[in-house]
Amino acid sequence: LDLAQIKEVYEDDFLIGNAVSMGDLEGPRLDLLNHHHNLVTAENAMKPSYAYGDDGSFDFTGSNELVERVAEEGLLLHGHVLVWHQQSPEWLHSREDGTPLSRDEALDNMQAHIRNAMENYDAVYGDGVISWDVVNEALDGDWSNPEDWRGQLRDSGWLRAIGEDYIYEAFKYAREVADELGREDLVLFYNDYNDDQQSKAIAMYSMIKEINEQYADENPDDTRKLISGVGMQAHYNANTNPENVRLSIERFIELDIEIGVTELDVTTLTPNETIESELERQAYLYASLFQIYDEYSDHISRVTFWGLNDTNSWRSDRSPLLFNDTLTAKQAYYAVVDPEGFL
Ligand code: G3I
């Protein structure tokens, strides 16, 4: 903990975040979290599947334990996630036999979920919640014609029940709830992965642009953008080309909304790899990324890592983070705090 604090190195640029579970909020893990970060995302606790009791009624008891601890630590919180095809009860949009609910039934369930989750966390932590992933990973096409984002929509329960406008409806409703809560400033994110791949970035860009134009047409008095943040998950690997990341950032800047790096990690190329050359290559990408983030820091509001250390990562077999199994700083850490020195 005598190492330079990442959050201080970048304090004039963007917030530094990490993904947390209960186990990260005590002991040495908490010390490391507080030392380097000022923002967190719940790795799982705030997802829809954790918002209901067995009888299908809202029950935020478990989730709130985590958020209360985050609030005690005074860390800012990014809400993850309201509308997603994973870790979300199927009955919200589908019948037991798998067929979709009617559009109205599914819309009701989606709106009830958005309202209850946003109100609940607002009651627990108020302004500490600075943003939400309203819709996550809605795009998953063949990328043949990425400008036609509708053709690239993921075949999900929400799409089948509600139709292509479920994304617009989700954001519109989240905006309404935020405004009712007096949170006109709350940033509403569309969040997705493979953000470095240009076909995916084009689909994300086209979708956000069109949805924001539709909202502007329908609400001429509201000068805000409906989708006010674009989340680049940034689940990369040591072979990722940083110039593609730059291209995506430049594309998203055209949307004139906040850019968030929301789930950053960089895997080594082979599993269980601890050889120096692999870790060096990983560190090299981290350095290149932070050099780029720094360059565009006027547009980037936060960089969030997806986990504190390799052992606890969802991709632990490819050691993707800045700290190793014993919470010791890897080369990747030194690359992040001093990219120029490293490159
Ligand atoms: O909580 C249960 C536990 O009761 C059970 O015993 C155990 C047995 O498998 O599973 C536990 O649930 C696991 C959950 O994490 C909590 O640990 C799930 O199986 C597991 O699938 C789930 O994985 C999460 C994954 O999202 C699910 O899609 C990862 O932790 C989480 O890092 C990952 O995060 C996602 C983002 O939300 C969205 N973007 C991609 C990112 C990486 O996949």
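Labelled according to an unreviewed UniProt entry, the chain appears under the name Beta-xylanase, originating from Alkalibacterium subtropicum.

Caption draft 1: Layout of the pairing of strand β5 (residues 187–192). For β5, the buried fraction is high: six of the six residues fall into the buried class. Residues Val 187, Phe 189 and Asn 191 point to one face of β5 and Leu 188, Tyr 190 and Asp 192 to the other, with burial holding for every one of them. Here five bridges tie strand β4 (residues 129–136) to β5, and the two strands are oriented parallel to one another. Looking at β5, one finds that Val 135 is bridged to Tyr 190. In this structure, β5 lies alongside strand β6 (residues 229–232), joined through four bridges in parallel fashion. The residue bridging Asp 192 from the neighbouring strand is Met 232, located in β6. Between β5 and its parallel partner β6, the chain crosses via helix α7 (residues 198–218), and the hand of that crossover is right-handed.

Caption draft 2: Inspection of the packing of helix α4 (residues 103–125) against helix α6 (residues 166–180) at higher detail. Their axes nearest at 10 Å, the elements α4 and α6 cross at an angle of 35°. In this structure, α4 meets α6 at a crossing whose hand is right-handed. In this structure, α4 contributes Leu 107, Met 110, Gln 111, Ile 114, Arg 115 and Met 118 to the contact, and α6 contributes Glu 169, Ala 170, Tyr 173, Ala 174, Val 177 and Ala 178.

Caption draft 3: Up close: the packing of α7 against helix α8 (residues 242–253). Their axes nearest at 10 Å, the elements α7 and α8 cross at an angle of 15°. Taken together, the axis directions place α7 and α8 in an arrangement best described as roughly parallel. The hand of the α7/α8 crossing is right-handed. The residues of α8 that touch α7, namely those facing Gln 198, Ala 201 and Tyr 205, are Asn 244, Leu 247, Ser 248, Arg 251 and Phe 252. Residues belonging to the contact of α7 with α8 are distributed by class as follows: four nonpolar, three polar and one charged.

Caption draft 4: How the structure looks around the environment of Asn 191. Note on placement: Asn 191 falls in strand β5. Sequence separation of Asn 191 and Thr 99 is 92 residues, and the distance between their C-alpha atoms is 27 Å. Residue contacts for Asn 191: discarding those within four places in its chain leaves Asp 133, Asn 136, Gly 231, Gln 233 and Thr 262.

Caption draft 5: Inspection of α7 at higher detail. Over its 21 residues, α7 extends 30 Å from the first C-alpha to the last, a length consistent with the 30 Å expected when each residue adds 1.5 Å. Turning to α7, the residues buried within the fold contact α6, β5, β6 and α8.

Caption draft 6: Structural detail: the site of the ligand. All residues in the neighbourhood of the ligand are listed as Glu 43, Asn 44, Gln 86, Gln 87, Asn 136, Gln 233, Glu 263 and Trp 314. Of the residues in the shell around the ligand, the class split is one nonpolar, five polar and two charged.

Caption draft 7: Quick peek at helix α3 (residues 61–73). Over its 13 residues, α3 runs 19 Å from end to end, which matches the ideal 18 Å to within 8%, given 1.5 Å per residue. Of all the positions in α3, only Ser 63, Leu 66, Val 67 and Val 70 are classed as buried. Buried positions in α3, seen along its axis, are confined to an arc of 95° and lie on one side of it. Opposite the buried face of α3, by more than 90 degrees, sit the exposed residues Thr 61, Gly 62 and Glu 72.

Here is what the cut-offs are and how they apply
Residues numbered from 1 in each chain as written. Predicted model: local features only at pLDDT ≥ 70, side-chain atom pairs only at ≥ 80, totals over all residues. Buried ≥ 20, exposed ≤ 12 C-beta atoms within 10 Å, placed from the backbone. Helix = DSSP H or I, 4+ residues; strand = E, 2+ residues; numbered from the N terminus. Pairing = 2+ DSSP bridges. Right-handed = clockwise from strand over helix to strand, strands pointing away. Axes fitted to C-alpha atoms, helices over the stretch in contact; angles between N-to-C directions. Left-handed = near helix turned anticlockwise from the far one by under 90°. Contact = placed C-beta atoms within 7 Å. Parallel < 35°, antiparallel > 145°, perpendicular 65-115°, else oblique. Nonpolar A, V, L, I, M, F, W, Y, C, P; charged D, E, K, R; others polar. Expected span 1.5 Å × (residues − 1). Near = placed C-beta within 6 Å. Arc of directions from axis to C-beta.

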